[in-house]
There are 2 protein chains.
Amino acid sequence: MPTPHYGQPRYRVIADDLRRRIENGAIPPGALLPTESVLTAEFRASRGTIRQAIAALREAGLVVTEHGRGTYARPRPPGSRETTAPLLTTGQREVAADPELAALFAVEVGTALVELQSIEQSRGAVEAVVRIYRLRSPSQ
Amino acid sequence: MPTPHYGQPRYRVIADDLRRRIENGAIPPGALLPTESVLTAEFRASRGTIRQAIAALREAGLVVTEHGRGTYARPRPPGSRETTAPLLTTGQREVAADPELAALFAVEVGTALVELQSIEQSRGAVEAVVRIYRLRSPSQ
DNA sequence: AGAAATTTGTCCGTATGTATC
DNA sequence: AGATACATACGGACAAATTTC
């Protein structure tokens, strides 16, 4: 189903959607917008179209994009050290078992465990961080 | 040589090639794939095309990529949780935010967080330990 | 401990071919 | 035919995480 642009052009519909999110706080000031590739998936639009939408927002002064970094919702003056909560789900890593984990898994303290971390978000804020620990693959 | 994609797109040809290497063991499980720059040289394709190929493998669950590290051949299906075993809540307590949690919640290191811990059991053995962290009071 | 090199992540700009309205 | 959108591909640049020296 490509290219039904009866009323408005696609890029304008997308730009309006994003503008709404910024104005109602779904994307708080200073926060990073989803990346172009994420928006591409979400809107099922090509990168060129996404870029056209973001360019419209930029021209309207609603966002600022930094080369190599991303696009921010109406940036704030310098001095606000607000760490942009990493959109990166740190995924999986190895950690050493603390005493409690070691007891639960019945292994020695320091044994390598796999930690999977995920983040529960709501309205751009991190609501909860979930960490799941497992023994390393028994099948290898 | 820009953009002759008559038959298959290049990124898919490259993805298929890499998938074959993984499936026939040329790239064993857990091993690092060649770096993007190496693949760029090998396939004489641009980095974007290489990344597109790797993204296809990632979406297929064949590889996992870590920032600054590299791309691994299926080290462990990360997102797939069978969730057959029920979780037993084993406790709730307050902990101080470590640097990573502090960054995620946008609070200072040491801020009190609530930690809920539960375990997933199967035939008496602990399969996984789940720790959920939340802010003690609503931040707004 | 700190600097440099590696490697992936993201963005920019551009170009070409294809398909649809 | 023209405008819009999509898919693919290239090259260059800065950012950030990791590793190495």
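Treat the numbers as computed from the prediction; the structure is a model and nothing was measured.

Undergrad: Looking at this structure, how should I read the protein's contact with DNA strand C?
TA: In the vicinity of DNA strand C lie 23 residues, with Glu36(A), Arg47(A), Arg51(A), Arg47(B) and Arg51(B) positioned nearest. Glu36(A) is positioned such that a nitrogen or oxygen atom in its side chain is 2.6 Å from a phosphate oxygen of DNA strand C. Counting only elements with at least two residues in the surface near DNA strand C, the list comes to α3 (47-59) of chain A together with α3 (47-59) and β1 (63-66) of chain B. Its residues assigned to classes, the surface near DNA strand C comprises one nonpolar, 12 polar and 10 charged.

Undergrad: Would you explain the protein's contact with DNA strand D in this entry?
TA: Taken together, 26 residues are adjacent to DNA strand D, and Arg10(A), Thr49(A), Arg10(B), Thr49(B) and Arg69(B) come closest. If you look at DNA strand D and keep only atoms within 4 Å of the protein, 82% of those are sugar or phosphate atoms. Residue Arg10(B) places a main-chain N or O atom 2.3 Å away from a phosphate oxygen belonging to DNA strand D. Breaking the surface near DNA strand D down by element, the ones donating at least two residues are α1 (10-23) of chain A together with α1 (10-23) and α3 of chain B. Partitioning the surface near DNA strand D into residue classes produces six nonpolar, 13 polar and seven charged.

Undergrad: Hey, could you run me through the pattern of salt bridges in this one?
TA: Note on pairing: side chains with opposite charge can pair once their charged atoms come close. This structure, assessed with the given rule, holds 13 salt bridges over all chains. The partner of Arg47(B) in a salt bridge is Glu36(B), and the shortest N-O contact between them spans 2.6 Å. Here Arg47(B), found in helix α3, pairs with Glu36(B), found in helix α2 (residues 36-43); they are 11 residues apart in sequence, far enough to count as distant. One salt-bridge network, held together by shared partners, links Glu36(A), Arg47(A) and Arg51(A).

Undergrad: I'm lost on the packing of α1(A) against helix α2 (residues 36-43) of chain A in this one. Help?
TA: Residue and element names in this part refer to chain A. Interaxial distance between α1 and α2 falls to 12 Å at its minimum, and their mutual angle equals 110°. Our classification of the angle between α1 and α2 gives roughly perpendicular. Touching Arg10, Ile14, Asp17, Leu18 and Arg21 of α1 are Leu39, Glu42 and Phe43, all from α2.

Undergrad: Whenever I open this one, the pairing of strand β1 (residues 63-66) of chain A confuses me. Can you help?
TA: Two faces belong to every sheet, and in a regular strand the side chains alternate between them. All names here are of chain A. Relative to strand β2 (residues 70-73), β1 runs antiparallel, the two being bridged by four bridges. Of the residues in β2, the one forming a bridge with Thr65 is Thr71. Hairpin remark: β1 followed by β2, antiparallel, with three residues in the connecting loop; positive phi at Gly68, about 80°.

Undergrad: Would you explain the packing of α2(B) against α3(B) in this entry?
TA: When two helices pack together, their arrangement is given by the angle between the helix axes and the distance between those axes. All names here are of chain B. Interhelical geometry of α2 versus α3 gives an angle of 110° and a closest axis separation of 9 Å. In terms of axis orientation, α2 runs roughly perpendicular to α3. On α3, the residues touching Glu36, Leu39, Thr40 and Phe43 of α2 are Arg47, Ile50, Arg51 and Ile54. For the contact of α2 with α3, the residue count by class is four nonpolar, one polar and three charged.

Undergrad: I tried to follow the nonpolar core on my own but got confused; where do I start?
TA: With 17 residues, the main nonpolar core has Ile14(A), Phe43(A) and Ile50(A) as its most contacted residues. Elements with a minimum of two residues in this core: α1, α2 and α3 of chain A. Discounting chain neighbours no more than four positions away, the residues touching Ile14(A) are Phe43(A), Ala45(A), Thr49(A), Ile50(A) and Ala53(A). In this structure, Ile14(B), Ala15(B), Ala53(B) and Ile54(B) belong to the second largest nonpolar core, which totals 16 residues.

Undergrad: Would you take a moment to explain unusual backbone geometry for this structure?
TA: Excluding glycine, residues mostly have negative phi values, and the peptide bonds linking residues are mostly trans. Of note in this structure, Ala106(A) is not a glycine but carries a positive phi near 60°. Within the element layout of this structure, Ala106(A) appears in the loop between α4 (99-105) and β4 (112-122). Its relative accessible area of 66% is what places Ala106(A) among the exposed residues. A positive phi angle, near 50°, is found at Arg44(B), a position not held by glycine.

Quick notes on the rules
- Residues numbered from 1 in each chain as written.
- Chains lettered and ligands numbered in written order.
- Predicted model: local features only at pLDDT ≥ 70, side-chain atom pairs only at ≥ 80, totals over all residues.
- Heavy atoms only, no water.
- Near = heavy atom within 4 Å.
- Polar contact = N/O pair within 3.5 Å; in protein donor to acceptor, adjacent residues only side chain to side chain.
- Helix = DSSP H or I, 4+ residues; strand = E, 2+ residues; numbered from the N terminus.
- Nonpolar A, V, L, I, M, F, W, Y, C, P; charged D, E, K, R; others polar.
- Salt bridge = Lys/Arg side-chain N within 4 Å of Asp/Glu carboxyl O.
- Axes fitted to C-alpha atoms, helices over the stretch in contact; angles between N-to-C directions.
- Parallel < 35°, antiparallel > 145°, perpendicular 65-115°, else oblique.
- Contact = heavy atoms within 4.5 Å.
- Pairing = 2+ DSSP bridges.
- Core = buried A, V, L, I, M, F, W, Y, C linked by side-chain atoms within 4.5 Å.
- Buried < 20%, exposed > 50% of the residue type's maximum accessible area, 1.4 Å probe, protein only.

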